[in-house]
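# Geometric and topological summary
Listed below, chain by chain, are the residues.
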Amino acid sequence: MASGSQLSRRRDLGRLDPSARRQGGLSTSAIDRKLRTEWQSPYPGVLADAGYDLDPVQWATAGVLASGGEGCALPLGPATRTGELSVSLPAIPCGRDAARLWGFPLIDDDDPATGGLDKFEHDVHVWGRGDDLTAPVVKGQPRAHVLHRHSLTFYEGEVVQHDSGLWVPSPLRTALDCCVLLPFEAAVCVMDNGLQRTQFTEADLAAALALRAGHAGVALQQAVVAAADGRSEAPTETLLRLLLKPDWPELEPQVTLYDERGVPLRRYDLGDRAIRFGGEADGKIAHAGSVMAARDHAKDRLGRAFGWSTERATWFDVRRRQEATRTRFLAARDRLRKKVA
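This text gives an overview of the structure that appears in the document. (Residues numbered from 1 in each chain as written. Predicted model: local features only at pLDDT ≥ 70, side-chain atom pairs only at ≥ 80, totals over all residues. Heavy atoms only, no water.)

One pass over the structure, following the stated rule, counts 27 salt bridges. With its nearest N and O atoms 2.8 Å apart, the salt bridge here joins Asp111 to Arg319. You can see Asp111 sitting in the loop between helix 3 (95-101) and strand 7 (121-126) and its partner Arg319 sitting in helix 10 (residues 315-320), a full 208 residues away along the chain. Given a relative accessible area of 2%, Asp111 falls into the buried group. Residue class for Arg319 comes out buried when judged on its relative accessible area of 12%. Here Arg241 ties to Asp192 by a salt bridge, and the two come within 2.9 Å at their closest N and O atoms. Residue Arg241 is located in helix 8 (residues 235-244), and its partner Asp192 is located in helix 5 (residues 184-196); the two are separated by 49 residues in the primary sequence. (Salt bridge = Lys/Arg side-chain N within 4 Å of Asp/Glu carboxyl O. Helix = DSSP H or I, 4+ residues; strand = E, 2+ residues; numbered from the N terminus. Buried < 20%, exposed > 50% of the residue type's maximum accessible area, 1.4 Å probe, protein only.)

As structure tokens, then:
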């Protein structure tokens, strides 16, 4: 919201409060003192209680407040004869902020391998393009939060109400926007996640792309959708698949190893059944520590007992050692192919 209007606490905004100056009799010096002790200001003119990090809902709300709206609908002209009223929203979260609301993984938000810090990048849709907003750098932060303002075109049903009460692009529309806003690999991770969680289907994507034929950005969206596979269960699996698939089309996600009685023994993130190869993509956290390493080795020994070979790739491998990782996996493939032949 614009600075200096009023002080109020709204339940649907969580701990996020609009700015205040006139009501409550707060002077400029009193506001400055509270900003040093009691409040934080994610964007100019938007206040929140100090002492905690804003969650995705609160960051999305802050972007809406800083862009001229609190999520309320404004009428567009008079009502029709049947009483129907066309409305618009002054601002709604979109892009990265919408993706965080829907729980999509944004691999560049905080990546120890690449140093990515896109968590400081935010997106909001406004009717009538506005300038990007850069917040002041807070002491202890490596960089400032930046709010990118977009003016988008929405089709019917593409704006829905989130559980938080915020109006936001649907999961499908959010994933399509990420195709344009994010690097290719990051966008495929979002698309894989949406398909895997059945936030949308392949048929939904096909219909949405057909609707956008000839539009700017549709080529990027088509490329991401073509590379997506809803069987991938984590971004590390997606990144490893994107790294290997062009040279190894036989790889398929989530390949299960069975014993002679048909009992499932283990599942590989990627597999080539013809040569009994399994590829494992170890995430940033799930495979850390000596206990998990021992479990992984035990699973690999089990696979070897049934004639399967395993190669593993870490998060650092798929983000920073891509060429070396690709070479290692393809060399393992070639050895197994010769063995089978």
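Structure shown, so let's carry the discussion forward.
Quick look at the side chain of Asp259 now. Here Asp259 is to be found in the loop between strand 12 (252-258) and strand 13 (264-272). Taking the relative accessible area as the measure of exposure, Asp259 reaches 10% and is therefore buried. Here Arg261 takes part through its backbone nitrogen, which lies 2.9 Å from a polar atom of the side chain of Asp259. There is a polar contact of 2.8 Å between the side chain of Asp259 and the backbone nitrogen of Val263. In this view, Asp259 contacts Leu265 and Phe306; residues no more than four positions away in its chain are not counted. (Polar contact = N/O pair within 3.5 Å; in protein donor to acceptor, adjacent residues only side chain to side chain. Contact = heavy atoms within 4.5 Å.)

Overall, mixed pairing links the four strands, which are arranged 12-13-14-15 in an open sheet. The strands lining the two open edges of the sheet, one partner per strand, are strand 12 and strand 15 (309-314). Neighbour to neighbour, the strand axes of the sheet diverge by 45° on average, direction disregarded. Note that strand 14 (residues 277-282) and strand 15 share six bridges and pair parallel. (Pairing = 2+ DSSP bridges. Axes fitted to C-alpha atoms, helices over the stretch in contact; angles between N-to-C directions.)

A separate point is helix 8. The buried fraction of helix 8 is high, at nine of ten residues. Inspection of helix 8 places Thr236, Glu237, Thr238, Leu239, Leu240, Arg241, Leu242, Leu243 and Leu244 among the buried residues, and these make up the whole buried set.

Of all six residues in strand 14, six are buried; the element is thus mostly enclosed. Counting the residues in the hairpin turn of strand 13 and strand 14 gives four residues, including Arg276, whose phi is positive at 55°.

Helices that pack against each other are described as a pair by the angle of their axes relative to one another and the distance between those axes. Packing of helix 5 against helix 7 (residues 218-227) brings their axes to within 9 Å, and their N-to-C directions diverge by 60°. Taken together, helix 5 and helix 7 sit at an angle that is classed as oblique. The interaxial crossing formed by helix 5 with helix 7 has right-handed handedness. Facing helix 5, whose interface residues are Phe184, Ala187, Val188 and Met191, helix 7 presents Ala223, Val224, Val225 and Ala227. Among the residues making up the contact of helix 5 with helix 7, the classes are represented as eight nonpolar, no polar and no charged. (Parallel < 35°, antiparallel > 145°, perpendicular 65-115°, else oblique. Left-handed = near helix turned anticlockwise from the far one by under 90°. Nonpolar A, V, L, I, M, F, W, Y, C, P; charged D, E, K, R; others polar.)

Note that all results are geometric; they support no functional claim without further evidence.
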